[in-house]
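In case you want the letters, here they are:
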Amino acid sequence: MSADLLTVANLSARYDRVEVLHGVSLTVGPGEFVCVIGANTAGKSTLLRAISRLVPRATGSIAFRGQDLMRMPAHRVPALGIAHVPEGRHVFPDMSVEDNLLAGAFSCRGDPAIPARMEEVFALFPRLRERRSQRAGSMSGGEQQMVAVGRALMLAPRLLMLDEPSHGLAPMVVEELHAALVTIHARGTAILLVEQNTQLALSVATRGVVLESGRVALEGSAAALRDDPRVREAYLGL
Ligand SMILES: Nc1ncnc2c1ncn2[C@@H]1O[C@H](COP(=O)(O)OP(=O)(O)O)[C@@H](O)[C@H]1O
Ligand SMILES: [Mg+2]
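Each turn of an α-helix holds 3.6 residues, which means side chains three or four residues apart point in the same direction. Among all positions in helix H3 (residues 97-104), only Val-97, Asn-100, Leu-101 and Gly-104 are buried. Summarising the axial view, the buried residues of H3 lie within an arc of 100°, below the 170-degree limit, and thus occupy one face. Looking at the buried positions of H3, the neighbouring elements they touch are helix H4 (114-124), helix H5 (126-130) and helix H6 (141-153).

A few words on the sheet that holds strand S10 (residues 215-221). Judged by pairing direction, the sheet is mixed, and its six strands sit side by side in the order S6-S7-S8-S3-S9-S10 without closing on themselves. Two strands lie at the open edges of the sheet, namely strand S6 (82-85) and S10, each paired on one side alone. Mean inter-strand twist for the sheet, computed between neighbouring axes without regard to direction, equals 15°. The pairing of strand S3 (residues 33-37) with strand S9 (residues 207-212) spans four bridges and is classified as parallel.

By size, the foremost hydrophobic cluster in this structure holds 69 residues, and its most contacted members are Leu-159, Met-161 and Leu-193. For this core, the element with the most residues is H6, which contributes six residues.

A few words now on the environment of Arg-232. Among the secondary structure elements, Arg-232 is positioned in helix H10 (residues 229-234). Between the C-alpha atom of Arg-232 and that of Val-36, which follows or precedes it by 196 residues, the distance is 15 Å.

We note that the domain assignment places domain 1 (1-81 + 158-175 + 191-238) and domain 2 (89-156) within the protein chain. Taken over C-alpha atoms, the centre of domain 1 sits 24 Å from the centre of domain 2. On the domain 2 side, the residues contacting the eight residues of domain 1 number seven residues.

Moving on to the sheet that holds strand S4 (residues 58-64). Taken in spatial order, the four strands make up an open sheet running S2-S1-S4-S5, and their pairing is antiparallel. This sheet does not close on itself; its edge strands, each paired only once, are strand S2 (18-28) and strand S5 (67-68). Note: strand S1 (residues 6-15) against S2, seven bridges, orientation antiparallel. Its bridge partner lying in S2, Ala-13 is registered against Leu-21.

We now examine helix H7 (residues 171-186). The end-to-end C-alpha distance of H7 is 22 Å, a good match for the 22 Å that 16 residues give at a rise of 1.5 Å each. Inspection of H7 places Leu-177, His-178, Leu-181 and Ile-184 among the buried residues, and these make up the whole buried set. Seen from one end, H7 has its buried residues packed into an arc of 110°, which puts them on one side. Within H7, the exposed residues directed more than 90 degrees away from the buried face are Met-172, Ala-179 and Ala-186. Here the buried face of H7 lies against H6, strand S7 (159-163), strand S8 (190-194) and helix H8 (198-204). Phi turns positive one or two residues past the end of H7, at Gly-188, with a value near 110°.

Calculation rules
- Residues numbered from 1 in each chain as written.
- Chains lettered and ligands numbered in written order.
- Predicted model: local features only at pLDDT ≥ 70, side-chain atom pairs only at ≥ 80, totals over all residues.
- Buried ≥ 20, exposed ≤ 12 C-beta atoms within 10 Å, placed from the backbone.
- Helix = DSSP H or I, 4+ residues; strand = E, 2+ residues; numbered from the N terminus.
- Arc of directions from axis to C-beta.
- Contact = placed C-beta atoms within 7 Å.
- Pairing = 2+ DSSP bridges.
- Axes fitted to C-alpha atoms, helices over the stretch in contact; angles between N-to-C directions.
- Core = buried A, V, L, I, M, F, W, Y, C linked by C-beta atoms within 7 Å.
- Domains from an automatic or database assignment.
- Expected span 1.5 Å × (residues − 1).

This is how it looks when you write it as structure tokens:
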């Protein structure tokens, strides 16, 4: 058995006849912070969706805490301890912030730890506490992303997967969001972050994987990738 939390090995995934991931392997250790970087259409979202079992036509192996995810239906994945914040901000617009957060705890309904978890989310994002009764759909993009991340945290996941959480947000909000990710990681949650902003991703993650056309082109510590001439030229514009 491996000591990794998540082990993806030789994962291929296709939509209809088009294969978009070709034998991807990567690991996330317990409490590790790994980022996946790569150009548009490299397959980053497909990778996260395949881990969440949302891409039916996938082959290879995905193990989480020793369990074979390839044998799991998507609806069982959250309860195993994997929370996925998808691309875009999918909050329930007509529900309050508080009800959105409670909806995140769906797979552990009735758990007495839920109020304490909500307190933790409010401590991380004080703005959500102030606006707990507000309709989520009436909040700014950055606040909605905080609701989406907070909702994922209500599961108390062992692995938090985020797909471009900073996309389209103002720089100040992005900083706030990334600071929250650093705090979440420091508290012991493993993170798999897909991020367009390579500079930012490599400044918060400890390790990185570069995906190019559905294949892992490079991987290493965040520091090594920041210094890698190929990363500097292709992804950092240096
Ligand atoms: N639902 C889908 N049906 C068909 N093709 C898709 C679908 N989702 C993504 N693709 C294709 O798969 C490739 C990888 O997409 P994606 O994983 O979204 O890349 P990234 O997140 O890195 O931008 C792209 O060529 C995209 O057009
Ligand atoms: Mg994407």
